[in-house]
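Residue-level listing of the chains:
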Amino acid sequence: MNQMRWLNRSQPQTLFSAVLLCYFSAVLLLFGTRIDSQLARDIFEGIVSLFASDRTAADLGDSIIPPAVTVLLVGAYVAGGAGTANERRWGHWLCSAAAIYAAIATLWWGARTSFELGIIMRLMFDALLLVLLYHPMSRNHRRVWFT
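Residues numbered from 1 in each chain as written. Predicted model: local features only at pLDDT ≥ 70, side-chain atom pairs only at ≥ 80, totals over all residues. Heavy atoms only, no water.

Attention now goes to the packing of helix α5 (residues 89-112) against helix α6 (residues 117-133). The interhelical angle for the contact between α5 and α6, taken along N-to-C directions, is 150°, at an axis separation of 9 Å. The orientation of α5 with respect to α6, classified from their angle, is roughly antiparallel. The handedness of the crossing between α5 and α6 is left-handed. On the side of α5, the interface is formed by H92, C95, S96, A99, I100, A102, A103, T106, L107, W109 and G110, while α6 contributes I119, R122, L123, D126, L129, L130 and L133. Taken together, the residues of the contact of α5 with α6 sort by class into twelve nonpolar, four polar and two charged. (Axes fitted to C-alpha atoms, helices over the stretch in contact; angles between N-to-C directions. Helix = DSSP H or I, 4+ residues; strand = E, 2+ residues; numbered from the N terminus. Parallel < 35°, antiparallel > 145°, perpendicular 65-115°, else oblique. Left-handed = near helix turned anticlockwise from the far one by under 90°. Contact = heavy atoms within 4.5 Å. Nonpolar A, V, L, I, M, F, W, Y, C, P; charged D, E, K, R; others polar.)

Another point: the packing of aromatic side chains. This structure, assessed with the given rule, holds two aromatic pairs. When the ring of F24 is compared with that of F125, the centres are 5.5 Å apart and the planes differ by 55°; the resulting orientation is tilted. Of the two residues, F24 is situated in helix α1 (residues 13-32) and F125 in helix α6; the sequence distance between them amounts to 101 residues. (Phe/Tyr/Trp six-rings, centres within 6.5 Å; stacked < 30°, edge-to-face > 60°.)

This paragraph deals with the pattern of salt bridges. Per the stated rule, a full pass over the model turns up one salt bridge. In this structure, D126 engages R122 in a salt bridge whose closest nitrogen and oxygen atoms are separated by 3.6 Å. Here D126 pairs with R122, and both are found in helix α6, just four residues apart, close to one helical turn. There is no split in this pair, since D126 and R122 are both buried. (Salt bridge = Lys/Arg side-chain N within 4 Å of Asp/Glu carboxyl O. Buried < 20%, exposed > 50% of the residue type's maximum accessible area, 1.4 Å probe, protein only.)

Formed by 18 residues in total, the largest nonpolar core has its most connected members in L73, Y77, L129 and L133. Within the residue set of this core, elements represented by two or more residues are α1, α4 (65-85), α5 and α6. When residues in this core are grouped by element, the largest group, six residues, is from α1. The residues touching Y77, leaving out its near neighbours within four places in the chain, are C22, S25, A26, L29, A98, A99, A102, R122, D126 and L129. (Core = buried A, V, L, I, M, F, W, Y, C linked by side-chain atoms within 4.5 Å.)

Next up on the list: the confidence of the model for the chain. Should the pLDDT be low somewhere, the predicted coordinates at that spot are not to be read in detail. On average, residues of the chain carry a pLDDT of 80, and 74% of them reach 70 or more. A low-confidence stretch, residues 60-65 stays under pLDDT 50, and its non-local contacts, those more than four residues away or across chains, total ten contacts. (pLDDT = per-residue confidence, 0-100.)

Attention now goes to α5. Between its first and last C-alpha, α5 extends 35 Å over 24 residues, near the 34 Å set by a 1.5 Å rise per residue. Listed as buried for α5 are G91, H92, C95, S96, A98, A99, A102, A103, A105, T106, W109 and G110. (Expected span 1.5 Å × (residues − 1).)

Relative to the helices and strands, T84 resides in helix α4. We classify T84 as buried; its relative accessible area is 1%. Sequence-distant contacts of T84, that is, excluding residues within four places in its chain, are made with Q11, L15, V19, G91, H92, C95 and F146.

Moving on, we come to unusual backbone geometry. At E87, a residue that is not glycine, the phi angle is positive and equals roughly 55°. Along the chain, E87 falls in the loop between α4 and α5. For E87, a relative accessible area of 15% gives the class buried.

Note on placement: N140 falls in helix α7 (residues 136-145). According to the relative accessible area criterion, N140 is partly exposed, its value standing at 41%. Between the alpha carbons of N140 and P12 there is a distance of 9.5 Å; along the sequence they are 128 residues apart. Of the polar contacts made by the side chain of N140, one reaches the side chain of R143; its length is 3.2 Å. (Polar contact = N/O pair within 3.5 Å; in protein donor to acceptor, adjacent residues only side chain to side chain.)

Structure follows, in structure tokens:
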């Protein structure tokens, strides 16, 4: 039985760096941003306003869902990083999905407010994670070794 690894130094440098960046992004979400909880609330209110007929989005915006989106994103980063370190295909896809969601949400937030330095830095981290995950060295390693 294989023991779970949090980091795997036998992977290419790009993939190893992507795993580290996944964990770093999760820590930033937990401790360093105030954008994501407001961003999650705005996204949730926008989605609810499309489908809610008898309740308003403002009524539903105070529920547990917006912070849960941030918690789910943190979980996706951590689980995706661990899955990628253990050479699991689902881990790579989970990292990718979390990074894509975060990049789109950050772009949407920046377009709605203004592109301040914090938003640009967050977007750079998300883009860097995607570049590392889809670098040719990472893709070749994933194609051969991931199950």
